[in-house]
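Chain and residue survey
Spelled out, the chains give:
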Amino acid sequence: MTPVKARFLAVLFAAILLLSFSPTTVSALESFGIGALPANPRADNPRTKSIFVYEVQPGRTLTDAIKVINNSPTTKTLSVYPIDSQLSSDGAFACAQAADIAKSVGSWITLEKERVTLKPGTNETIRFTIKVPKGAEVGEHNGCIAIQDLTSRQKDARGIVLSFRSALRVAVTIPGEIKASLQIVAVKTKDASSQKLQISPVLKNDGNVSLDADITVKLVDVFGAAHVASTGQLPVLPRTEAQYNFELNKPFWGGWYQRIVEVNYHQLLQNGQPAKDTHLAAHKEWLYVPPQPGAVALIASLVLAIGVGTIYWVRLRRYQRMIEATKKHYRVREGDNVQAIAEKFEQDWKLLVKLNNLKPPYTLQAGQVLAIPQAHKVRSVKTKHKKTR
């Protein structure tokens with residue numbers, strides 16, 4: 001193997017070896033020390049451990065309670081108040097602010113107590129009633145019971161007072177003709193960062209009850225392997241269109257991937273009745289995912305390595321072809337030097353040096369055989385040449 005070919009293969013092997021490594025990422029969650037739970041969860045409905053779920057006839061009143069918790073290391077004074085639900089900026093479920101006027105479920109709730117002071121590691125149960133108006137529309141209505149920390153208020157750089165707040169969802173269904181209908185109306189994709197891709201399914205609920213949607217978002221390569229995926233269960237409120245944002249790690253090398261969004265949904269459990277799962281047809285679309293910066297750098301290095309190796313290879317083959325085409329050979333005589341031989345055969349002395357792999361100071365030995373290209377005519381040289389030292 002020639003030195004040039006060996007260098008080319010070494011560079012190519014090193015570049016390929018680098019391509020076998022890719023980074024991983026890790027994430028974490030944090031929470032504050034105040035919160036609340038339903039005080040009387042039902043055994044027949046697991047969802048009532050985290051939210052209030054009711055089915056109530058118009059004009060009827062029900063009673064329940066909320067357990068307010070202080071898990072922080074300091075005594076807290078908490079404000080507890082009912083509010084309506086609203087859509088967040090991306091269409092997802094959210095709770096209104098305390099200053100907003102309640103017109104729906106928030107106005108139906110009356111709390112026995114609206115302020116409580118709790119020592120560290122303690123809790124208190126507050127009773128409340130829900131009175132559904134007689135003219136309430138069939139279907140689901142949503143609100144919240146919020147718990148706001150009045151002790152740990154802070155000001156931001158603009159002087160705005162901030163305080164920590166937690167809230168529980170209150171879902172009240174008025175029985176009648178219930179319609180459950182969900183569809184995927186669009187899927188949006190954009191770069192969230194150089195290493196993250198944001199995929200946002202847009203779901204439309206045409207029914208009159210909220211639906212728990214199990215959403216799966218994944219990227220599948222041309223071989224059918226799912227490289228990255230994200231899942232989540234989210235509520236879709238009745239008569240709304242909501243966008244849900246999922247961030248996925250970009251495949252390190254990028255390329256063409258099939259973006260697949262799958263949705264299963266069901267109603268909130270009512271009175272112990274099992275919810276029926278409905279599966280929507282998967283939304284599929286091919287898209288090009290750009291590689292991560294690290295992959296771009298490695299690809300650029302590989303392209304450069306291949307380019308340099310190709311130049312070496314081309315030059316090597318050119319010299320090899322010239323040598324293979326050479327049919328004239330010259331045996332060095334006493335007193336010959338490179339320049340004299342080049343003049344004799346009408347050649348450039350630098351070409352002879354390269355073809356014969358001569359090293360400085362290009363000293364020749366009598367009897368040494370040199371390769372001479374055939375394309376040039378030999379001219380007689382009668383003069384005797386001096387020996388190169």
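Figured I'd write up the structure that's included with this text. (Residues numbered from 1 in each chain as written. Predicted model: local features only at pLDDT ≥ 70, side-chain atom pairs only at ≥ 80, totals over all residues. Heavy atoms only, no water.)

1. Describing the pattern of salt bridges
Summed over the entire model, instances satisfying the criterion amount to eight salt bridges. Residue Arg169 is joined to Glu140 by a salt bridge in which the shortest nitrogen-to-oxygen separation is 3.1 Å. Taken as a pair, Arg169 in strand β12 (residues 165-174) and Glu140 in strand β9 (residues 139-149) lie far apart in primary sequence, 29 residues in all. By the burial criterion, Arg169 is buried, and Glu140 matches it. With a closest N to O distance of 3.1 Å, Lys250 and Asp191 form a salt bridge. Of this pair, Lys250 sits in the loop between β18 (246-249) and β19 (255-267) while Asp191 sits in strand β13 (residues 182-191), placing them 59 residues apart in sequence. The exposure class assigned to Lys250 is buried, which follows from its relative accessible area of 6%. You can call Asp191 partly exposed: its relative accessible area is 46%. (Salt bridge = Lys/Arg side-chain N within 4 Å of Asp/Glu carboxyl O. Helix = DSSP H or I, 4+ residues; strand = E, 2+ residues; numbered from the N terminus. Buried < 20%, exposed > 50% of the residue type's maximum accessible area, 1.4 Å probe, protein only.)

2. Remarks on the pairing of β13
Here β13 runs beside strand β14 (residues 196-205); their pairing, made up of nine bridges, is antiparallel. Bridge pairing in β14 places Lys188 opposite Ser200. Counting the residues in the hairpin turn of β13 and β14 gives four residues. (Pairing = 2+ DSSP bridges.)

3. A short note on a nonpolar patch on the surface
Among the surface-exposed residues, Val222, Phe223, Trp256, Trp286 and Tyr288 lie close enough to one another that they form a single nonpolar patch of about 680 Å² accessible area. Assignment of secondary structure puts Trp256 in strand β19. (Patch = residues over 30% accessible without salt bridge, like charges linked within 9 Å, V, L, I, M, F, W, Y side chains within 5 Å. Areas by Shrake-Rupley, 256 points an atom, 1.4 Å probe, with all protein chains shown as cover.)

4. Considering the state of the cysteines
All told, the structure shown has one disulfide when counted by the stated rule. Shown here is the disulfide that connects Cys95 with Cys144, its sulfur atoms set 2.1 Å apart. Classification of the bridge connecting Cys95 and Cys144 rests on its S-S torsion, roughly -80°, and on that basis the disulfide is left-handed. Taken as a pair, Cys95 in strand β5 (residues 93-95) and Cys144 in strand β9 lie far apart in primary sequence, 49 residues in all. For the pair formed by Cys95 and Cys144, the shared burial category is buried. (Disulfide = S-S within 2.5 Å.)

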